[in-house]
Amino acid sequence: MTHSTFDTVIRRGRWFDGTGAPSAVRDLGIRAGHVVAISAGELDAAGCPQVIDAAGKWVLPGMLDIHTHYDVEILGGPALAESLRHGVTTVLLGSCSLSTVHVGGDDAGDLFGRVEAIPREHVIAAVDRHKSWDSADGYVDALESLPLGPNVAAFIGHSDIRTAVMGLDRATRASQRPTRREQAEMERMLAEALDAGFVGLSSQQLLFDKIDGEVCRSRTLPSTYAKPRELRRLKAQLRRTGRVLQSGPDIANPLNLLSQLAQSLGVFRNPLKTSLLSAADVKSNPYAVKILGPLARLVNALGGNFRWQHLPVPFEVYADGIDLVVFEEFGTGAAALHLRDEVERNELLRDPRYREQFRKDYENKFGVRVWQRDFFDADIVDCPDTSVIGRSFGQVALERGIHPVDAFLDLVCEHGRALRWRTTISNHRPAVLKKLAREPGIQMGFSDAGAHLRNMAFYNMGLRLLRHVHDAEKAGRPFMTVEHAVHRLTGELADWYRLDAGHLRIGDRADVVIVDPARLDATLEAYAEEPVDQYGGLSRMVNRNDDAVRAVLVGGRLVFTAGTPTELVGRRRTGRFLRAAHRAPALPTDRDEARGELSSVS
C-alpha cells in the first residue's frame, strides 16, 4: 500500500503567505496539520487522501477576527460556523471589557444582554450550564474540551473581573472604589490570565453601553466606573508583559480620548500596546475621520504602539422597533430602552411631554454622536402596514404632516418589533474606505461577530475588503495590492497580537482559505437570516456568499467546502486556544500524529 508524503495537496492556486510578499502559483503540501511543502512544480500526490484543485483561485492564510463577542455562543455552539464559512480561522473573545472567565450566569446576563443584544435568558442559561472553571487556566481547558471550529484567543474583560471581585452593584456605583484587597485580587486575576496566554485586557469608557436585568439596570458597564489609579495598576502589568489593552473611549470627552492615545507612549517606561475603538467615517461628523490616521502616526512616531480598530465596509444596521443600541446615546432613547415591559414602554412613547423631549434630543446639533439621527436616512424594510415599506420615516412624516420623530414613534407603538428598518451609520464613502484601508495605524477588525444578532452581520468583512481591492485592480485604479490586503487581514494582525496564526509558509499550521476571486461580487452584500438553535431559534442576520469561499481548513482539516460544513464541524475539535507569544502546535491528525521532520520542496 502506498503512503503519501502528504495528508492534503492543494494544487495550482495563487498562494499568499500573509506577509505581503508577492503571490505566486504554487502547489502546497500539508502533513500533520502543517504546511510542509510549497512548490512551483507539481507535488507528488500518490496515495494522498485529499487533493484540492485550486486553479484560478486564491490560497490565503485563514483570516483573523480581532473583535468578537462570541463569549456566550462558543459555550453552546463552539463550531462558530458563521465565521468559518467566510474564511475566518482565528477569533478573539473578550472585547469591550466583557468576558465570562469569572462572572456567573446572572451577572453575565446583565453584562451581555442589553449591551450586545443577546437575549439575557440565553446568556444566563449558557454560562450556568457550561461553567466548570474558576480560573483563567480552567477557562482555557474548558474551551479546549469543546469541539472548537476556529482557533480562539482572548482578552480578559475588566468588567468581568471588577464584577467578580466587587459584586455588580458596588462595581457600578460611582461612589465605590475597590478596597486594597479587591484591587490586589483584580491584579492577580489579570496576571493569571496573562500567564494562561490571554492577549491582554479589554476595558471600556464609552458611556452608552448599559446593563440589563433589574438590580443595576441602565447603569453603564463596570469598567466605566474605574478611576485612573485602578486602571494604571492593571495597565502596568500589560506594559511589563508586552500585552494589549483594548479600550473604547468616552467619545463625548475629548480629554478621555487624548488620554487613551497618550497612554500608549513609553516615556521612561514600556509603551502600552493599545487597540482603540474605533476608526470610522461617521455620517454624524464627516470631518472626524481626517484626524484618526495622523493621530495614530504621531503617537507611534513618538514611541507608542497604538492602533485603531476599523470595520472596512459600510456600517449598515437594522432594528426591530426601537431596539437598537444607538438610542442609548441620548436621554429619551435610553429611557425607552430602560423599560422592558412593552405596554409600559408604549405608554412612555405616547406621552406628549416625552415626545417633545425626544424631538429636542433628535434635533440637538451639539455634542458627539455615533448615529446621525436622521429619520430621512432610515428606511423601513418590513412592517404589517405594507404601505410604509420601502419608505423612510421622514417620507412617512411628510405624507402624514407630522414630525419625523412622531412618525417613528407612532409606528413603533402600533407595530412594536414587527417594524423593521435600517440605516447606515458610517463608512458610507468608498473613497474614504480606501484611504483607511491603507492607513498603518488602523487594524482591520470590529466585526462584533456573535453580538447584535438582529442588528448587523459583518462575518464576511474580510471578503468584502478583498472584493473592494480586486474590483479597483480590475478597473485599473488600484489603491492597494491584493497581497497587502491579505496581509492586513492575516499576518499583520497575528504578529501584532503575538499569535501563531495568519501565515502560510513552510512550518506554519495549515489554517487555509481558498477564495474564488471571480465570485467576489454583489452577493457579499446580500441580506440573509439564519436561526440560532441555542438561542431558542432566534433568527439572526448572517452573510451568505458560499460560492466565494471554495474551501476552509483549520489545522490542516477541511471544515467547509462551498458553504457546506464537513462532518468535523461541531463534532470534532479542529481549532485550539492560541496563547499569546507561544508557538501553537497543530492537533494530531487521524492518519499520523508525528511523521518525520518538516520538509520543503523547491
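Being a predicted model, the structure only gives us computed values, none of them experimental.

## Quick notes on the overall build of the protein
Inference 1: A tally of helices and strands in the protein yields 20 helices and 22 strands.
Inference 2: Expected size for 602 residues packed as a compact globule is a radius of gyration near 25 Å; at 24 Å, the protein falls within 12% of this value.
Inference 3: For the C-alpha atoms alone, the extent of the protein along its principal axes is close to 80 × 60 × 50 Å.
Inference 4: Looking at the protein residue by residue over its 602 residues, the buried ones come to 62%.
Inference 5: Counting only contacts in the protein whose residues sit at least 6 apart along the sequence, the fraction spanning at least 24 positions is 76%.
Inference 6: Here the protein has roughly 22,700 Å² of accessible surface; of this, 51% comes from carbon and sulfur atoms.
Inference 7: Between the averaged position of the 76 positive side-chain charges in the protein and that of its 78 negative side-chain charges there is a distance of 5 Å.

## A closer look at the packing of helix α13 (residues 342-350) against helix α14 (residues 352-363)
Inference 1: For the pair α13 and α14, the least separation of the axes is 5 Å and the interaxial angle reads 70 degrees. It follows that α13 is roughly perpendicular to α14 by the angle criterion. Counted together, Leu-348, Leu-349 and Arg-350 of α13 and Pro-352, Tyr-354 and Arg-355 of α14 form the full contact between these two elements.
Inference 2: Grouping the amino acids of the contact of α13 with α14 by side-chain chemistry returns four nonpolar, no polar and two charged.

## Remarks on the nonpolar core
Inference 1: Membership of the largest hydrophobic core comes to 102 residues, with the highest contact counts inside it found for Leu-93, Phe-198 and Trp-308.
Inference 2: The contact partners of Leu-93, leaving out residues within four places of it in the chain, are Thr-68, Tyr-70, Asp-71, Ile-74, Tyr-139, Leu-143, Val-152, Ala-153, Ala-154 and Phe-155.
Inference 3: Val-313, Ala-336, Leu-337 and Trp-421 belong to the second-largest nonpolar core, a separate cluster that totals 41 residues.

## Some words on the pattern of salt bridges
Inference 1: Taken as a whole, this structure holds 48 salt bridges when the rule is applied.
Inference 2: Notably, a salt bridge pairs Arg-540 with Glu-73, separated by 2.9 Å at the nearest N-O pair. Taken together, the residues span a long stretch of sequence, with Arg-540 in strand β19 (residues 538-542) and Glu-73 in helix α1 (residues 73-76) at a distance of 467 residues. In terms of burial, Arg-540 and Glu-73 fall into one category: buried.
Inference 3: Between Arg-429 and Asp-281 there is a salt bridge, and its shortest N-O distance comes to 2.7 Å. Taken together, the residues span a long stretch of sequence, with Arg-429 in the loop between β15 (420-426) and α17 (430-438) and Asp-281 in the loop between β11 (273-279) and α11 (289-301) at a distance of 148 residues.
Inference 4: Among the residues examined, Arg-429 registers a relative accessible area of 30% and is labelled partly exposed.
Inference 5: Look at Asp-281 and you get buried, because its relative accessible area is 0%.

## Let's talk about the pairing of strand β20 (residues 549-554)
The two faces of the sheet receive side chains in turn, since in a regular strand these alternate between them.
Inference 1: Within β20, five of the six residues are buried, which leaves it mostly tucked inside the rest of the structure.
Inference 2: Across four bridges, β20 lies against strand β21 (residues 557-561) in antiparallel orientation. Within β21, the residue paired with Leu-553 across the bridge is Leu-558.
Inference 3: The hairpin turn running from β20 into β21, its antiparallel successor, is two residues long, and Gly-555 in that turn takes a positive phi close to 55 degrees.

Calculation rules
- Residues numbered from 1 in each chain as written.
- Predicted model: local features only at pLDDT ≥ 70, side-chain atom pairs only at ≥ 80, totals over all residues.
- Heavy atoms only, no water.
- Helix = DSSP H or I, 4+ residues; strand = E, 2+ residues; numbered from the N terminus.
- Rg over C-alpha atoms; globule rule 2.2 N^0.38 Å.
- Buried < 20%, exposed > 50% of the residue type's maximum accessible area, 1.4 Å probe, protein only.
- Contact = heavy atoms within 4.5 Å.
- Areas by Shrake-Rupley, 256 points an atom, 1.4 Å probe, with all protein chains shown as cover.
- Lys, Arg positive; Asp, Glu negative; His and termini not counted.
- Charge placed at Lys NZ, Arg CZ, Asp CG, Glu CD.
- Axes fitted to C-alpha atoms, helices over the stretch in contact; angles between N-to-C directions.
- Parallel < 35°, antiparallel > 145°, perpendicular 65-115°, else oblique.
- Nonpolar A, V, L, I, M, F, W, Y, C, P; charged D, E, K, R; others polar.
- Core = buried A, V, L, I, M, F, W, Y, C linked by side-chain atoms within 4.5 Å.
- Salt bridge = Lys/Arg side-chain N within 4 Å of Asp/Glu carboxyl O.
- Pairing = 2+ DSSP bridges.

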